[in-house]
Amino acid sequence: MLNDKGITLIETADTLEALEIVGKSPQRADARDKVRGSAVYLEDMKVNNMLCGKVLRSRYPHARILSIDASAAEKLPGVRGVVTGAELPFLHGESLVDEPFLARDKVRYTGEAVAAVAALDEATAEEALELITVQYQELPPLFDVMEAAKPGAPLVHEALASYQHAPGINPIHGTNICNHFKLRRGDIEEGFAQSDCVFEDTFTTPMQQHCSLEPHGSICLMNHDDKLTLWTNNDSPHRCRKEIASALKIPLTNVRIITAPNIGGNFGGKGGLKAEASAAALAWKIRNRPIKVMYTREEEFCSSIGRHPSVTRIKTGVRKDGTIVARQVETYLDSGAYAEKGPTVARFCGLSAAGPYKIPHVKVDVYCVYTNKTVAGAMRGYGGPQGAWAYESQMDVIAAKLGLDPLELRLRHAYDEGDIHITGQQIYSEGLKECIEKVAENMEWSRPRPEGRGRGIACMERAVKTPFGSAAFVKVNEDGTVDILSSTTEVGQGSETVLRQIAAEELGVRLEQVRKAAPDTAYTPFDSSTTSSRSTFHMGNAVKMAVADAKSQILKLAAPLLEANVDDLRIKDGNVHPQGQPERALPIAKVLQRHYGPSGTVLGRGYYIPEMPAESEEYYSRFMVHWLVGACGAEVEVNRKTGQIKVLKIWGAYDAGKAIHPVNCEGQIQGGIAIGLGLALSEEVMSKDGAVMNPSFLSYKVPTALDVPQIVPIIVEHPHPDGPFGAKGMGETTNVPVPPAIANAIYDAVGVRIHNLPVTPDKVLEVLKLKAQEQAGSRAPSPRRPAAPGRGK
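Conventions used here
- Residues numbered from 1 in each chain as written.
- Predicted model: local features only at pLDDT ≥ 70, side-chain atom pairs only at ≥ 80, totals over all residues.
- Heavy atoms only, no water.
- Axes fitted to C-alpha atoms, helices over the stretch in contact; angles between N-to-C directions.
- Helix = DSSP H or I, 4+ residues; strand = E, 2+ residues; numbered from the N terminus.
- Left-handed = near helix turned anticlockwise from the far one by under 90°.
- Contact = heavy atoms within 4.5 Å.
- Nonpolar A, V, L, I, M, F, W, Y, C, P; charged D, E, K, R; others polar.
- Domains from an automatic or database assignment.
- Buried area = accessible area lost by both parts, 1.4 Å probe.
- Salt bridge = Lys/Arg side-chain N within 4 Å of Asp/Glu carboxyl O.
- Core = buried A, V, L, I, M, F, W, Y, C linked by side-chain atoms within 4.5 Å.
- Buried < 20%, exposed > 50% of the residue type's maximum accessible area, 1.4 Å probe, protein only.
- Expected span 1.5 Å × (residues − 1).

Q: I tried to follow the packing of helix H14 (residues 495–507) against helix H15 (residues 535–562) on my own but got confused; where do I start?
A: Each packed pair of helices is defined by two parameters, the angle between the axes and the distance between the axes. Running from amino to carboxyl end, H14 crosses H15 at an angle of 35°, the nearest separation of the two axes being 9 Å. Helix-helix and strand crossings are classified by hand; for H14 and H15 the assignment is right-handed. Residue-level inspection shows Ser495, Val498, Leu499, Ile502, Ala503, Glu506 and Leu507 of H14 in contact with H15, the latter providing Ser535, Thr536, Met539, Gly540, Val543, Lys544, Val547, Ala548, Lys551 and Ile554. For the contact of H14 with H15, the per-class residue count stands at ten nonpolar, four polar and three charged.

Q: Can you walk me through the domain arrangement of the protein in this structure?
A: Accessible area lost upon the coming together of the parts is a frequently used measure of interface size. Once the domains are mapped, the protein shows domain 1 (42–139 + 216–294) and domain 2 (468–608). Placing a centre on the C-alpha atoms of domain 1 and another on those of domain 2 gives a separation of 39 Å. Facing the 17 residues of domain 1 at the interface are 19 residues of domain 2. Summed over both sides, the interface of domain 1 with domain 2 buries roughly 1,300 Å², with 53% coming from carbon and sulfur. Seen at the junction of domain 1 and domain 2, the total is one salt bridge.

Q: Just to check I follow, could you spell out the nonpolar core for this structure?
A: Grouped burial of nonpolar side chains is what soluble globular proteins tend to show. One finds Ile436, Val636, Ile650, Ile742, Ile746 and Val759 to be the most contacted residues of the largest nonpolar core, which totals 114 residues. Setting aside residues no more than four positions away along its own chain, Val759 makes contact with Trp389, Ile645, Ala680, Leu681, Ile746, Ile754 and Val764. Residues Val22, Ile502, Ala559 and Ala727 belong to the second largest nonpolar core, which totals 47 residues.

Q: What is the right way to read the pattern of salt bridges from this model?
A: Inspection of every chain in the model, using the stated rule, returns 42 salt bridges. Between Asp520 and Arg256 there is a salt bridge, and its shortest N-O distance comes to 2.6 Å. With Asp520 in the loop between strand E21 (514–516) and H15 and Arg256 in strand E13 (residues 255–259), this residue pair connects regions lying 264 residues apart in the sequence. Here the salt bridges share partners, and the residues they tie into one network are Glu94, Asp235, Arg239, Lys274, Glu340 and Lys341.

Q: Mind showing me how you'd approach H14 here?
A: The terminal C-alpha atoms of H14, which comprises 13 residues, lie 18 Å apart, in line with the 18 Å expected from a rise of 1.5 Å per residue. Of all 13 residues in H14, 13 are buried, a share of seventy percent or more. At the exit of H14 stands Gly508, carrying a positive phi of roughly 95°.

Here you go:
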């Protein structure tokens, strides 16, 4: 059965059981090349007559640029040009346009691009950087997000009021707040008045780095007609195209983005303009020569982006029986020197800041704040980890104080099918409670643990980027093979394989007959982005619709050849036959040849965008096509003498709707949990006076394979009525509940609560010592009262 968009609806469980390719775990499309070392990445790509680009970066966190003298560098043999911000009067950005391609007038963070050099080779380019002289006038820097958010604080961006921004983004002029997101439900003061107990806590998270194995890189070529071609490892080519065209004020069709065949990791970090900006700046000045810019690992830490550091104040009103009546959340996200994706991260953070719970009175304020620190942006979870760290930690604080089971407290308040979300949207296709229950069952929640061991649980929800569209073409070739033309990028998440499975299942051909082209905006149709766990749902639907279109054309061509009605025809293993008569089958290739000769092809088209209520039609809706939900459980062992934490086992259950490729889903759970483990226990970009102090894998403590405990991935399948074969996205947020689950397990083990990530042994030991001192003080005998005058001996 088809809906009005031409998408097959899920009718019964039998329909899913009949699937032949979807729901299986074939070898991934990229596996063989990656194992053999033959996969092509941006760094492997070369263009004829290519120059090497390098970037000079600021050593000050906040300073006015008085002068730049590049004359000596320009005279160096092998140098083909130097460009500075003064030559590029442009700003770029997605939801708020505030960032220059190269610093203009002043620098706002240590590591900001000030000038760029193009030379015949890398050594010459680096030598040229040393010859550029920049005169600065230092300005007072802002490093503390809470100080930066105060009225009257020195401004990082004096021109904030003049910056273009998307609808729904609320910068506060005359301050450092580049977005203030608000969410209200009920009457918060009335809610607190109805409460028997009120809990107030403050939680913080640090900056976390993506640590993708492949750094940012781009090759840019611009001719004298202002036509720009960019080869890049950007995760979203059409979004990149729009940002460049808008910034440079050239026609959109003048910009062509070609994505590398493979992207070596993303986690949100490969969006926006990073190396793209530097390469485009050079190409703007040095025409008709392709220029390649590849970041070093140090530049990845100091000059790209990381996860937003945060401070969250959370206040919750509860009745004596544990019923949560009111919750107020105030979060400050440190955006660093530029907005980047911060304004929309604030929106996503705010939508789920109260947790996936039925609470009648809610007040949420999220502030995205400029400071003179490294820029923060999109990272796996997109505001989810900061919010969940606060609300899931406090859920256990509440349970401990009231003597309640943390599991039961969550199950009592978690959203059910049909509930009204705090945004006002009715919840549907909601598998949260099943995720919580599966984790509890698998980890044997009620089983007693030995002394020093504890178990913890946490859950989460997060919005999916809505409402944005995805388009796909599906070309059925002369020989019956199939090409998917889609701008979804393969960043290691397995989307190429998943889309091939959807196409093969819908058309009725073997998986090996289907390929997917690498994105190229000149040929592959629009996709808003490969982000927000939207590719399987949105692009999967677009591919399914395009296949349905192509399939309809093929069946119409085959009907007269097989002397059958179109409605009676089926395709299986690439052969068309009347239902129940496989012996009369004609291969698709034969059908095309009979009509078109040796060169006939069929092109199917699909475009999917979710239909949302009129009141939600704004840039990034508050109503979601579905919510990402999941739960995590952890068992830990804590050494009271050293504070050392050993995570023994982690369980993760996440709702995939329908797992198109189950092994791939399990991999997403395992990989996400590993990222969450790092944020929980070790990862922190440390800075001093605005400079990153640990910009390498030697000093930045990302978990290794030896640090990751046994992980038990659990796939929950709660089909979505509009998803391709019932599927939903699930991969991005598998990291979100991990830190609070571990912290809750630590509390269960030794009775101490850590409020500031990462939870390190020294923090645990310090709180254990304080607890011991408090207990010793409470056990000390009361001082004896002095005898009254004239009494006693």
